[in-house]
Amino acid sequence: MCLTHPEAERNPMILSLFRKNTATDAVYGVYRAIVAQSRQPVFYAEWGVPDTVTGRFDMISLHMALVFRRLRANTGAGKDFSQAVFDLFFKDMDRSLREMGAGDLGVPKKIQKMGNLFFGLLAAINDAMDRRDREALAAVLSRNIYDGHNIEEAQRLADYVFAQDAALAAQPVETITAGTVTFGPAA
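Now for a description of the structure that goes with this document. For clarity, every value in this text was computed on a predicted model and none was experimentally measured.

Definitions and limits used
Residues numbered from 1 in each chain as written. Predicted model: local features only at pLDDT ≥ 70, side-chain atom pairs only at ≥ 80, totals over all residues. Heavy atoms only, no water. Helix = DSSP H or I, 4+ residues; strand = E, 2+ residues; numbered from the N terminus. Buried < 20%, exposed > 50% of the residue type's maximum accessible area, 1.4 Å probe, protein only. Contact = heavy atoms within 4.5 Å. Areas by Shrake-Rupley, 256 points an atom, 1.4 Å probe, with all protein chains shown as cover. Salt bridge = Lys/Arg side-chain N within 4 Å of Asp/Glu carboxyl O. Core = buried A, V, L, I, M, F, W, Y, C linked by side-chain atoms within 4.5 Å. Axes fitted to C-alpha atoms, helices over the stretch in contact; angles between N-to-C directions. Left-handed = near helix turned anticlockwise from the far one by under 90°. Expected span 1.5 Å × (residues − 1). Polar contact = N/O pair within 3.5 Å; in protein donor to acceptor, adjacent residues only side chain to side chain.

Helix and strand counts for the protein stand at nine helices and zero strands. N-terminal to C-terminal, the α/β element order of the protein is α-α-α-α-α-α-α-α-α. In the protein, buried positions account for 48% of the 187 residues. If you take every contact in the protein between residues at least 6 apart in sequence, the share linking residues at least 24 apart comes to 68%. For the protein, the exposed surface amounts to about 9,300 Å²; the carbon and sulfur share of it is 55%.

Counted according to the given criterion, the structure contains eight salt bridges. Between R69 and D165 there is a salt bridge, and its shortest N-O distance comes to 3.1 Å. Of this pair, R69 sits in helix α4 (residues 53-71) while D165 sits in helix α8 (residues 151-169), and the two are 96 residues apart along the sequence. Here R69 and D165 have matching classes, each one buried. Of the charged contacts in the structure, one is a salt bridge between D130 and R72, with a shortest N-O distance of 2.6 Å. Within this pair, whereas D130 is found in helix α6 (residues 106-130), its partner R72 is found in the loop between α4 and α5 (77-99), the two being separated by 58 residues in sequence. Residue classification places R72 among the partly exposed positions, given a relative accessible area of 42%.

We now examine the nonpolar core. Judged by nonpolar contacts, the single largest core of 57 residues is most densely connected at F43 and L157. Contributions of two or more residues to this core are made by α2 (25-38), α3 (41-45), α4, α5, α6, α7 (134-145), α8 and α9 (173-177). Sorting elements by how many residues they give to this core places α4 first, with ten residues. The contacts of F43, once residues within four sequence positions are left out, are Q37, S38, G48, V49, M59, H63, L157, Y160 and A186.

At their nearest, the axes of α7 and α8 sit 8 Å apart, and the two run at 115° to each other. The hand of the α7/α8 crossing is right-handed. Across from R134, E135, L137, A138, L141, S142 and I145 in α7, the residues of α8 making contact are I151, A154, Q155, L157, A158, D159, V161 and F162.

Helical geometry: 3.6 residues make up each α-helical turn, so side chains three or four residues apart lie on a common side. Helix length check: α2 (14 residues) gives 20 Å between terminal C-alpha atoms against 20 Å at 1.5 Å per residue, within 8%. When you tally the buried positions in α2, you get ten out of 14 residues, the bulk of the element. Restricting attention to buried positions, one finds in α2 the residues A26, V27, G29, V30, Y31, A33, I34, V35, Q37 and S38.

So, on to the environment of E135. With respect to the secondary-structure elements, E135 resides in helix α7. Residue classification places E135 among the partly exposed positions, given a relative accessible area of 45%. Once the C-alpha coordinates of E135 and I151 are considered, the two residues, 16 residues apart in sequence, prove to be 9.6 Å apart. Among the polar contacts listed, one links the side chain of E135 to the side chain of R134, at a separation of 3.0 Å.

Below, the structure is given as structure tokens:
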């Protein structure tokens, strides 16, 4: 992947794909918890999240964004840990794309697009949640997860996101960076 200077400034975490492996047992533990939570059947069977590759990517991105929100105020270990989780996420996406048959030339472009989608979602979620604006969050979720439709499901998902944010806020950063993150129920 070749990023121009402005793209590198906008998404510096993407450049981390070229660094050495920073995944520790703790990073794997948190990443596995994020993936497990994002695969809860209720999202797809009852809340209308598309049960597609894109829908699953969106749900992993959503849960990663929540963990990143929890770690964002911690500039030391939290920042490094977030970077390592991000690195693992996109290495996993790279592997998945290749398993689905994406060619070597196409994967970097897809990864860059996925990174941009993730950062856009993260910024929009942070903005709405920092303002405690449920309607704005539901609109973000409707646009990003439901392709602009299903506002009722997006509102239910917004309530879930606020509840998860509160559950994560109650967990010490040290616990998360040690490899344990606990999400609340998805019901």
